[in-house]
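Each chain, written out:
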Protein chains: 2
Amino acid sequence: MGRNEVFLEKANGLLPKLRVQRVEPVCAAELCQQNGRTAAKPAGVWQGRTLAKGDSILLDFGNHWVGHVTLRFASVGSHPDAPAWLRVQFAERACELTEDPEAYTGWISKGWIQQEQVHMDVLPAELALPRRYAFRYLRLEVLDVSGKYSLVLTDAWCDATTSADDSALAPYASGDGQLNKLDAIAGRTLRECMQTVFEDGPKRDRRLWLGDLRMQALANYETYRANDLVKACLYLFAGTANEEGRVSACLFLEPEIEADDTFMFDYSLFFAAALRDYMCATGDMDAVRELWPTALRQTELAEADFDANGLVRDRDQMGWCFVDWNLALNKQASAQGITLYCLRAAIELVRALGEPDEVLRESLAKKTAAAKAYLWDKKSRLFVSGAARQVSWASQVWMVLGGAVEGAEAAALLERIAERPDTEAMVTPYMMHNYVDALLAVGERDKALDVLRRYWGGMADEGADTFWELYDPADPDASPYGGTIVNSYCHAWSCAPAYFLRKFYR
Amino acid sequence: MGRNEVFLEKANGLLPKLRVQRVEPVCAAELCQQNGRTAAKPAGVWQGRTLAKGDSILLDFGNHWVGHVTLRFASVGSHPDAPAWLRVQFAERACELTEDPEAYTGWISKGWIQQEQVHMDVLPAELALPRRYAFRYLRLEVLDVSGKYSLVLTDAWCDATTSADDSALAPYASGDGQLNKLDAIAGRTLRECMQTVFEDGPKRDRRLWLGDLRMQALANYETYRANDLVKACLYLFAGTANEEGRVSACLFLEPEIEADDTFMFDYSLFFAAALRDYMCATGDMDAVRELWPTALRQTELAEADFDANGLVRDRDQMGWCFVDWNLALNKQASAQGITLYCLRAAIELVRALGEPDEVLRESLAKKTAAAKAYLWDKKSRLFVSGAARQVSWASQVWMVLGGAVEGAEAAALLERIAERPDTEAMVTPYMMHNYVDALLAVGERDKALDVLRRYWGGMADEGADTFWELYDPADPDASPYGGTIVNSYCHAWSCAPAYFLRKFYR
C-alpha cells in the first residue's frame, strides 16, 4: 500500500493528449432580462470594435469552452502614449457578469473568480492570456488608455481543449426533442470536463474527485468511450493511496501527481463501485485484478467506522462523508447505504475474479441487518439518520441503492419520501443522479424519466450550455458560496442524462 | 526632409545593448512616519516569509532600479486547492504606497500606476512579471489563497537594466559631502534613465523627449560619456522629422521608431542646442555636418511664429511651447528667449562648419531687438510676456540665456526677479536647471551653487534615491496629477547637479 510508482507510471502512459480547437466569438452580446433573470442577447459585430476608456465589450463564444484565450489589439488616434489597462472577465453563465468581483466576500477563495487585470505597454499587441478558463462569455473592460488613443479589438479566439474525441461520440436520437437536448447538454458537460483527467469542473475545482469520476465514467461508457481515461484515473487513485492504503477523495495533477489530504468515507468506498463499473464496461480483467486489492482495502478500512452491530458510527466532523451539499444533512444512514452499495460492487468484483466472497457477503448481511434494525423508523416507515433521527431523501435513496430494501417495498419507500416535503432535500445534481438510479433500481422508469425532464430540463430551460454543479429549481441563480461568480456551471457530476437516457431509454 | 531611413539605420546601429544586473531585496520594510511624511524602515528578513490571505509584505531593494522582477513562491499547509491571487505594487518612493490605486481619479492615465494583479494556479511557482518597472519598493499582497494553505515567498529578484556602463562613470569627489551626495543621486537618476535611449523617466513616460535629452546629454558628457547614445538619439529625431522637416517633441521606440504627433516650439528648437552641445563634447564634425540641416530647419520653421518685427506671436493653445509645468505661465517671452538661445547655438554650429552665418546673425539681432522693444517693461525693469504682460521667472531666465541682456545688467535682472515673490514661479527641476545655467552665465557661481544645494538638496533630504520630475519644497508629496502613484520620481531632466557640479565646481 502507499504510493505505487508502477501504478502511476501506468496511469501516466494512459493519460490522453489534449485536442485543441480554435474558436472565435460568434457575436458581441449584451446583458438583458429574460423571465426575470439575466441573460445575454446578440449585439452585433465584435471585430474591429473601438474601445475608449471605460468602454467594455461582451463577447459570446456561442457555447461552453475550456481553453486559452488570445486577444489582439490595435489602436486608433495618436500613437499610444500610456499603457492600456484592461479587465478581462470570463463567465459560464451571463448572470455571473452582474456581480462585482471586488465585492465578493463569500467563504470560497476569490482566486476562483475568472478575471484578470492586464496592461499592454506596446500596441498593436497580441495578448495571450496564460491561464486556462471555462466560459462562454468574455467581458473586456478598458480601465484606462489615454485621451490620445483608443483600442481596437481586431482578433479574439480561444484555443479550446478537451481530451474527448468528438468523432467518437456515440450517436443518440430519441425522437423526443427535450431528451435529445438533455443528452446533448450532458454530453457537452462531460466533454468539457474531459481534459488530462476527468475534472469535476473546468472552472472549479479543475480536479479529479473520486465521487465525480464514478458518474463521469458511467456517462463516458455511453458516449465518448474514453475507457483508457477511466482506467488512468483509477490507477491514479490506487497509486496515491496513503500509507494505510486509503484512497483520497481527490487528486492534484500539478506540479506532480499528489493526493489531497481530504479523505471522505463515501468517496473512498466508491473506488469499488467505479472499478465494478469499469469492469462491466470494458471486461478489462487485468486491470481489475491489479486494482482489486485497492478496492478491497477501502471496504476493510471502512470497518473501523462501524460498531459491533454493523452500524456505521455517526460523526459530527464536517465533511467526513460527503453524500450531498446539504449542510444540514445527517450522513449516518447514507453512509450505511453507500457501504451496502459498495460492498455489493466489491462482491461482483471478487466473484468475477473467481475468489472467495464469504467475508464480504457476511459483512453485507450484517450491515444490511443493522440498517434495518437501527435506522428504520417503524412509525414513519422511513430510514432515519443520526441521534436526532433525521429523515432525508438521501437516506432513503442510498438504502434503496444499497439493497436494504428491495422491490415493491423499495418503490413504496421512494414514494413515501416524495410525500414528505418537510424532510431534508437533495440539493445537487450529484445526489439527483443517485435518486434517478434508485428509481430505476425499483423499476420506476417513468418517474426516473420525469426527474430527468423536470430537474435537468429546468437547467436546459434556463439556457444551460452545460449542466451545473448546483441547481435549485426555486432559485436558479442561487449560490451556496455567496456569489455565482464562484459557482461551477459545467460540472461533471451533473452529466447524468447522457448516462441514463442512453442506457435505459433507447 | 521627412522620414530619413539612412539616419534611422545609423541610429539603430548606435543604440546600446542593455546591461543586466540581478539584484535582490536588501530587507523587508514597513511604512513609518518621518518628519510628518511617509517613509520606509527595515522590518527584518523577507526570504521565507509566510503569507496567508490578506497578508502583505513590503520589499526594499535598497536603491532605485529599472527592470524585470521575478518572484518565487512555495506553499505550506495542505496542497494548494485554489488559485493564489496577488496584487503586486511598485513604488519609487514610499509615499506612493499610501495611495489606493483604485481610488485614483486624476487626469493622467491610470495605466501608469505600477501595479498588477496575478493568479498562480500551480505551486511552487516562478512568477516572472512580463513588464518593466521602475522602483525601490515592491509590495506584495495576498488577495486570496484558501484556508488550506499559505504562500511562502522563497526568492525575489530584479533583473535590473541600464545601458550606462558603471565602470565608465568619471569619478567625482568634491570634499563636500552634500555636493558628493547631490552628484551621486543625479548620476543615479541619469543611469536609470539610460536604457535603449535616454528616457525621460523609466516609470513615466519611458520615452525620448528632446527637451529632456538636451539636459541628459549635458550630464552624460560629464559622467558616463555614452556619447554614441546621444548621437543615436539626435539621429532618431532627425530621421523622424515630419514632411516639412520639423522634429517632434518626443519619439516612441516601440513597436517601431515613430515620432509623436506632439510638436512644441521650444523642443524643436532645442535640437540645435543639443547638436551644439554634442559638437563641443565630441568634436564629431561628420555627424554635425549630417545633422546641421535638421537643426537649421527648426530655426527656419520657427520664423512662421514671428511677426514682422521679430517678436514671437503669443498663443492660447495649451502646450504650444513647454518651458515649464506651471500651467499659468505665459510662454511668449520664454519662447523669444529660447529662440535667441538656439539661434546662438545654430551660429556656433554654422561657423564650425565654415559656412556663412549672416542670415542667422541677422535673425538673432532682429529678434534680440524685438525682445527689448516689446517685452521689456521699463517700469519694473523686467521682461513681460503676453497681452497681460505677465512677469515670470522663466521669462527672465530665458532672456538671460538668450543673451537679450548680458553681463552686469543680466545679473541685476536675475536679482530683481528674485525679489518678486508675486511673479509666476518655476515648478520643475527642468526649469531650475535653466535658472542655474542663467546664474552661471552671469557669473553668479555662488548663487548657482546655492540653488543646487537648496533645491536638489531638498529632495536629497527627503531621502531621494533619484531626483524627481517635480519638486515643490513647500509640499514634497504634491502631485499635479492627483496622486504620487503617477508621479515620476526618477526623471532625467532633474539630473542637473551632475552636470553643473562636475563642469563648474571641480
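See the structure printed just above.
Below: a short report on this structure. (Residues numbered from 1 in each chain as written. Chains lettered and ligands numbered in written order. Predicted model: local features only at pLDDT ≥ 70, side-chain atom pairs only at ≥ 80, totals over all residues. Heavy atoms only, no water.)

1. Some remarks on the overall build of chain A
- The secondary structure content of chain A amounts to 13 helices and 16 strands.
- For 506 residues, the compact-globule formula gives about 23 Å, and the C-alpha radius of gyration of chain A, at 24 Å, lands near that figure.
- Principal-axis analysis of the C-alpha atoms places the extent of chain A at approximately 80 × 50 × 45 Å.
- Taking all 506 residues of chain A together, 63% fall into the buried category.
- Of the contacts formed within chain A by residues at least 6 apart in sequence, a portion of 77% connects residues at least 24 apart.
- When the accessible surface of chain A is split by element, carbon and sulfur atoms take 48% of a total near 18,500 Å².
- Of the charged side chains in chain A, 54 are positive and 72 negative, and the gap between their average positions amounts to 3 Å. (Helix = DSSP H or I, 4+ residues; strand = E, 2+ residues; numbered from the N terminus. Rg over C-alpha atoms; globule rule 2.2 N^0.38 Å. Buried < 20%, exposed > 50% of the residue type's maximum accessible area, 1.4 Å probe, protein only. Contact = heavy atoms within 4.5 Å. Areas by Shrake-Rupley, 256 points an atom, 1.4 Å probe, with all protein chains shown as cover. Lys, Arg positive; Asp, Glu negative; His and termini not counted. Charge placed at Lys NZ, Arg CZ, Asp CG, Glu CD.)

2. Re the side chain of D183 of chain A
Residues and elements named next belong to chain A.
- Tracing the backbone through its elements, the reader meets D183 in helix α2 (residues 177-193).
- Engagement of the side chain of D183 in a polar contact is seen with the side chain of R502, the distance being 2.6 Å.
- Here D183 is in contact with Y172, A498, L501 and R502, once residues within four sequence places are set aside. (Polar contact = N/O pair within 3.5 Å; in protein donor to acceptor, adjacent residues only side chain to side chain.)

3. Concerning the relation of the copies chain B and chain A
- At an RMSD of 0.1 Å, chain B and chain A line up after a rotation of 180° and a shift of 0.0 Å along the axis. Such a combination of turn and shift is consistent with a two-fold rotation axis. Within chain B, the C-alpha atom positioned nearest to the axis of rotation is that of Q117 of chain B, 2.9 Å from it.
- Comparing interface residues between copies, 100% of those in chain B also lie at the interface in chain A; the contact surface is shared. (Least-squares fit on C-alpha atoms with pLDDT ≥ 70 in both.)

4. Brief notes about the side chain of N326 of chain B
All names here are of chain B.
- Mapped onto the elements, N326 comes out in the loop between α6 (285-302) and α7 (332-352).
- In terms of polar contacts, N326 uses its side chain to reach the side chain of E424, at 2.9 Å.
- When near neighbours in sequence (up to four residues on either side) are disregarded, N326 contacts K331, E424, A425 and V427.

5. Examining the interface of chain B and chain A
- Listed by partner, the interface residues are 37 residues for chain B and 38 residues for chain A.
- In total, chain B and chain A occlude about 3,100 Å² of area from one another, counting both sides; carbon and sulfur atoms represent 50% of this.
- Connecting chain B to chain A are eight salt bridges.
- A salt bridge links K148 of chain A to D261 of chain B; the shortest N-O distance between them is 2.8 Å.
- Connecting chain B to chain A are 24 residue pairs in polar contact (both at pLDDT 80 or more).
- For the side of chain B that touches chain A, the elements supplying multiple residues, two or more each, are β7 (115-120) and β9 (133-144) of chain B.
- The dominant element in the side of chain B that touches chain A, judged by the number of residues it contributes, is β7 of chain B, at four residues.
- In terms of residue class, the side of chain B that touches chain A is built from 14 nonpolar, nine polar and 14 charged. (Buried area = accessible area lost by both parts, 1.4 Å probe. Salt bridge = Lys/Arg side-chain N within 4 Å of Asp/Glu carboxyl O. Nonpolar A, V, L, I, M, F, W, Y, C, P; charged D, E, K, R; others polar.)

6. Things to note about the pattern of salt bridges
- Scanning the entire structure with this criterion turns up 86 salt bridges over all chains.
- The residue E348 of chain B makes a salt bridge to R276 of chain B at a minimum N-O spacing of 2.9 Å. On the criterion of sequence distance, the pair formed by E348 of chain B in helix α7 and R276 of chain B in helix α5 (residues 265-282) is long-range, its members being 72 residues apart.
- Owing to a relative accessible area of 36%, E348 of chain B belongs among the partly exposed residues under this scheme.
- One salt bridge in this structure joins R297 of chain B and E300 of chain B, with 3.1 Å as the shortest N-O distance. Of this pair, R297 of chain B and E300 of chain B are both found in helix α6, three residues apart, which corresponds to roughly one turn of the helix.
- When salt bridges with common partners are traced through the structure, they connect E116, R131 and R206 of chain A together with D121 of chain B into a single cluster.

7. Considerations on the sheet that holds strand β11 (residues 208-209) of chain A
Residue and element names in this part refer to chain A.
- Taken in spatial order, the three strands of this open sheet run β11-β12-β13, and their pairing is antiparallel. Looking at the sheet topology across the chains shown, the edges are occupied by β11 and β13 (258-259).
- Here two bridges tie β11 to strand β12 (residues 250-252), and the two strands are oriented antiparallel to one another. Across the sheet, W209 pairs through a bridge with C250, a residue of β12. (Pairing = 2+ DSSP bridges.)

8. Things to note about the packing of aromatic side chains
- Throughout the structure, instances matching the rule amount to 52 aromatic pairs over all chains.
- Centroid distance Y267 of chain A to Y430 of chain A: 6.3 Å. Interplanar angle 45°. Geometry classified as tilted. In this pair, Y267 of chain A sits in helix α5 (residues 265-282) while Y430 of chain A sits in helix α11 (residues 429-441), placing the two residues 163 residues apart along the sequence. By the burial criterion, Y267 of chain A is buried, and Y430 of chain A matches it.
- On the numbers, 5.1 Å between centres and 90° between planes, the contact of W393 of chain B with Y435 of chain B is edge-to-face. Taken together, the residues W393 of chain B in helix α9 (residues 393-401) and Y435 of chain B in helix α11 (residues 429-441) connect sequence positions 42 residues apart. Per residue, the accessibility class of W393 of chain B equals that of Y435 of chain B, and both read buried.
- Ring-pair connections join several aromatic residues into one group, and the members of that group are W107, W209, Y267, F322, W325, Y430, Y481 and W493 of chain A.
- Cation over ring: K367 of chain A sits above F306 of chain A, and NZ or CZ is 4.6 Å from the ring centre.
- Directly above the ring of F270 of chain B sits R214 of chain B, whose terminal nitrogen or CZ lies 4.4 Å from the centroid. (Phe/Tyr/Trp six-rings, centres within 6.5 Å; stacked < 30°, edge-to-face > 60°. Lys NZ or Arg CZ within 6 Å of the ring centre and 35° of its normal.)

9. Looking at the packing of helix α7 (residues 332-352) of chain A against helix α9 (residues 393-401) of chain A
Residues and elements named next belong to chain A.
- With their axes 7 Å apart at the nearest point, α7 and α9 run at an angle of 20° to one another. On the basis of the axis angle, α7 is roughly parallel to α9. By crossing handedness, the relation of α7 to α9 is classed as left-handed. Contacts between α7 and α9 involve A333, S334, Q336, G337, I338, L340 and Y341 from the former and A394, S395, W398, M399 and L401 from the latter.
- Taken together, the residues of the contact of α7 with α9 break down into eight nonpolar, four polar and no charged. (Axes fitted to C-alpha atoms, helices over the stretch in contact; angles between N-to-C directions. Parallel < 35°, antiparallel > 145°, perpendicular 65-115°, else oblique. Left-handed = near helix turned anticlockwise from the far one by under 90°.)

10. Let's talk about the pairing of strand β10 (residues 149-162) of chain A
Residue and element names in this part refer to chain A.
- Burial runs high along β10: twelve of the 14 residues are buried.
- Pairing between strand β1 (residues 19-23) and β10: five bridges, direction antiparallel. Counterpart to V23 in the pairing with β10 is C158.
- Taken together, the three bridges between strand β4 (residues 49-51) and β10 define a ladder with antiparallel strand orientation. Each bridged residue has a counterpart across the sheet, and for R49 the counterpart in β10 is L153.
- Two elements, strand β5 (residues 56-77) and β10, share eleven bridges in a ladder whose sense is antiparallel. When the sheet's bridge partners are listed, F73 is paired in β10 with L153.

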